[in-house]
Every structure is written in C-alpha cells, then in structure tokens.
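Listed below, chain by chain, are the residues.
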Amino acid sequence: MAVGIDSKWFRRYGTGAAPRRRLVCLPHAGGSAGFFHGWGTAFDYGVEVLATRYPGRQERLAEPGIDRVEDLADEVTAALLPFADVPLTLFGHSMGASVGYEVALRLESRYGILPQALFVSSRKAPHKLTPQATYLDGDEALLEEVRGLGGTDGELLDDPDLREVVLPALRADFKAVGTYGPRTAVPVGCPVVAHVGDGDPHITAEDMAAWGEVAPAGFELRVLPGNHFYLVEQRDAVVRALAAHLG
C-alpha cells in the first residue's frame, strides 16, 4: 500500500479520500513536477495525482540529470511499484510521452502491471521519431530551442544566474530526447489517447495518429487549439478528458 510513502520521485496530490486510482504525470524536457501543480486538485475524491520529479531540478537540484529516456523510464517504473496497489493512468507531455510509453512497457513486461491508459501529448510515436542533435550545438542553441517551444519562463532563461541552475537539467533532457528513436513499434497493452495542439510547429495530428500503430487495445486522437504547450491554455479540456477516463 502507498499510504504514508514519501517518494523523491513523485509529488503527491491527494484528495482527502483513500485513492482508488492514480494519475501519473510525466513532464516535458526541462519541465518539473511543478508544471502539473494546477492538476493536483482538479479531480474528484479518490484520484491521486503523482507529478513526477525528474532529478536535476527543484527538490532534486543537487542530483545529476538522466540523459537517456530508457534509464529514466527504468527509474520511474521502479519508483511506481509501491503505488500500483490501485490502477495507474499515465500522462506524458512531449519528452514525458516517450517516458510514459517506456514505463507502460516496463510495468507490463516486467511486473505484470497493466496501466488503465497511456495519454501522450505533443510527441511523435516511438517508431516515427528521428534523432535530434540540438544537444550537440551548445547552450545558446539549446536555450533558443526552449524559447521557441515556449512553456518555460523567458525571464528565467535570460537571467545568467538562474540559467546556470537550469542548464544541467536541460542538457540531460535534450540529450535524452535527441538520442531516443526511432524505436521498434512495440505495442502497449492498454488504450492510448493522444493530444496535440493544432498550431504545434513540430508535431502534427498525422504524427500523433501514428501512436495508433502501438495501441491495439484502442486509440483516440484529440486535436486542440494551441501550440506545443497547448495544454496550458487548454488545461480544462485536457482535465475533462482525463476526468472522464478516471471516472
């Protein structure tokens, strides 16, 4: 049972009732558990939100980042085991979608735990990814990429002192993103629901539709207004979709 467990990997948002389901949120490259803070109380009693704390930021700032998606998924999967006493649903945005996919595969193949669903957002399917070399182009190119995607406070990136704090995690994350893919289209055993913004400069609805090729248990695609970080402005629509699934 997960009652009383304090995991460095997850910021827990309870609802005052014994959890009957858990929603595991996996942030984007450069993101943190704080990105999902507003989701913590957005669901009914009985749904606990676990916002994943990647190393190298916030409470784990002193720890080195993990620069391989597979290694990050190994760690997240192991950390989730004490929380699998109730059904798990995974939601991953951008890099987090790749991590969520790998976690779903590991939970099922290694531990016989089948998530209720995998929600993926703003990220190509594993077998459609192409290597990205941004992490090799230096810090300025990396920062420019982050600014272009949005989702990160520009003032944070422009402040020399704060920038030095966040750069190690960015370097690790963008190396993880850049070196992951393409992968064999190994199917997951749970349904997959894909979300994307209609104005995303890098990911199209057609890209997201390819997730259906690894989702024999069921696939759904939702296109919402917005760019790569559409889920900031479309938070309520995304939460409603998740709430309908969580029941």
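Residues numbered from 1 in each chain as written. Predicted model: local features only at pLDDT ≥ 70, side-chain atom pairs only at ≥ 80, totals over all residues. Heavy atoms only, no water.

## Some thoughts on the overall build of the chain
A count of helical and extended segments in the chain gives 8 helices and 7 strands. Rg of the C-alpha trace for the chain: 17 Å, near the compact-globule value of 18 Å for 247 residues, within the 12% margin. Taken along its principal axes, the extent of the C-alpha atoms in the chain is 45 × 40 × 35 Å. Going through the 247 residues of the chain one by one, you find that 50% of them count as buried. Accessible area for the chain stands at about 10500 Å²; split by element, carbon and sulfur atoms hold 51% of it. (Helix = DSSP H or I, 4+ residues; strand = E, 2+ residues; numbered from the N terminus. Rg over C-alpha atoms; globule rule 2.2 N^0.38 Å. Buried < 20%, exposed > 50% of the residue type's maximum accessible area, 1.4 Å probe, protein only. Areas by Shrake-Rupley, 256 points an atom, 1.4 Å probe, with all protein chains shown as cover.)

## Points about the pairing of strand β6 (residues 192–197)
The buried fraction of β6 is high, at 6 of 6 residues. Bridge count between β6 and strand β7 (residues 219–224): 6 bridges; the pairing is parallel. Residue pairing across strands places V193 opposite E220, the latter belonging to β7. (Pairing = 2+ DSSP bridges.)

## Looking at the sheet that holds strand β2 (residues 21–26)
Read across the open sheet, the 7 strands follow the order β1-β3-β2-β4-β5-β6-β7; overall the sheet is mixed. Where the open sheet ends on each side, the last strands, each with one partner, are β1 (10–13) and β7. Between one strand and the next, the sheet's axes are offset by a mean angle of 20 degrees, whatever the strand orientation. Sheet analysis places β2 next to strand β3 (residues 47–52), joined by 5 bridges and oriented parallel. Of the residues in β3, the one forming a bridge with V24 is L50. Relative to the sheet, helix α1 (residues 69–80) contacts β1, β2, β3 and β4 (88–93), its axis offset from that of β1 by approximately 40 degrees. Relative to β4, helix α2 (residues 95–111) is tilted by about 150 degrees, and along the sheet it contacts β2, β4 and β5 (117–121). (Axes fitted to C-alpha atoms, helices over the stretch in contact; angles between N-to-C directions. Contact = heavy atoms within 4.5 Å.)

## Quick notes on α2
Compared with an ideal rise of 1.5 Å per residue, which puts 17 residues at 24 Å, α2 spans 23 Å between its outermost C-alpha atoms and is within 8% of the ideal. G112 lies just past α2 and shows a positive phi near 65 degrees. (Expected span 1.5 Å × (residues − 1).)

## Details of the pairing of β4
Among the 6 residues that make up β4, 6 are buried, leaving the element largely enclosed by the rest of the structure. Both faces of β4 are covered, namely the face carrying L88, L90 and G92 and the face carrying T89, F91 and H93. Summarising the sheet, β2 and β4 pair through 5 bridges and their orientation is parallel. What sits directly across from V24, in β4, is L90. Strand direction decides the pairing type here: β4 and β5, joined by 5 bridges, are parallel. Looking at β5, one finds that G92 is bridged to V120.

## A word on the packing of aromatic side chains
In the structure shown here, the tally under the stated rule is 8 aromatic pairs. A centroid spacing of 6.2 Å and a plane angle of 80 degrees characterise the contact between F36 and F91, whose relative ring orientation is edge-to-face. Separated by 55 residues along the polypeptide, F36 in the loop between β2 and β3 and F91 in strand β4 bring together distant segments of the chain. Across the pair, exposure class does not vary: F36 and F91 are buried alike. With a centroid separation of 5.8 Å and 75 degrees between ring planes, the pair formed by Y101 and W211 is classed as edge-to-face. Of this pair, Y101 sits in helix α2 while W211 sits in the loop between α6 (205–209) and β7, and the two are 110 residues apart along the sequence. For the pair shown, Y101 and W211 are each scored as buried. Its end group placed over the ring of W9, R60 keeps NZ or CZ at 4.1 Å from the ring centre. (Phe/Tyr/Trp six-rings, centres within 6.5 Å; stacked < 30°, edge-to-face > 60°. Lys NZ or Arg CZ within 6 Å of the ring centre and 35° of its normal.)

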